[in-house]
Amino acid sequence: MTLKVIYFTRTGNSKRIAEKISKLLNSEIIELKDNMNWSGAVGYIRGGYYASTNKDVEISLGGELDADEYIAVTPLWAGKIVPAFSMLFKNLPKEKVHLVVSSGGSLLKERNGYKSVTDITHREKKEDEIISELVKNLA
């Protein structure tokens, strides 16, 4: 079975998590980007609005979607995955996705349809333990 790690990041947290997972699994890592500027306070507010209202964005991938399963690492914006992943999941079946959600402390509301969902909340300070457990379950 082939696994690829896909991530979207605004602040670097999801990238760091994706890199740790990719290294432990010795799997390819792919960055998901969109056409928006999410930087600063205005970007933060805009991101929450786009996520909560399911606004479309244009996306691009730094690799091919040719694996059996995927680990998608996303920040949590307004209780939802980022708009870029919402767009990607229109063409990538969620049942092939192990979703990893990075947040300050909140949990993803819409959890159905994914192969698995793993929450990494920064306030718990258990990132490495949670990643280890995820990788152990996937190996």
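With respect to the helices and strands, the residue E127 is situated in helix 4 (residues 127–138). A distance of 2.7 Å separates polar atoms of two side chains, one belonging to E127 and the other to K20. Non-local contacts of E127, meaning those with residues more than four positions away in its chain, are made with R16, I17, K20, I120 and H122.

What follows concerns the environment of A51. One can find A51 in helix 2 (residues 40–52). In the structure, A51 is positioned 39 residues away from K90 in sequence and 15 Å away in space, judged by C-alpha atoms. Those residues in contact with A51 that lie beyond four places of it in its chain are W77, K80, I81 and P83.

Further remarks concern the pairing of strand 2 (residues 28–34). Taken together, the 4 bridges between strand 1 (residues 3–7) and strand 2 define a ladder with parallel strand orientation. In the sheet register, Y7 faces strand 2, and the bridge partner there is E31. With respect to chirality, the unit in which strand 1 leads through helix 1 (residues 13–25) into the neighbouring parallel strand 2 is right-handed. Bridge count for strand 2 against strand 3 (residues 59–61) is 3 bridges, and the pairing is antiparallel. Considered in strand 3, the bridge of K33 is made with S60.

About the cut-offs
- Residues numbered from 1 in each chain as written.
- Predicted model: local features only at pLDDT ≥ 70, side-chain atom pairs only at ≥ 80, totals over all residues.
- Heavy atoms only, no water.
- Helix = DSSP H or I, 4+ residues; strand = E, 2+ residues; numbered from the N terminus.
- Polar contact = N/O pair within 3.5 Å; in protein donor to acceptor, adjacent residues only side chain to side chain.
- Contact = heavy atoms within 4.5 Å.
- Pairing = 2+ DSSP bridges.
- Right-handed = clockwise from strand over helix to strand, strands pointing away.

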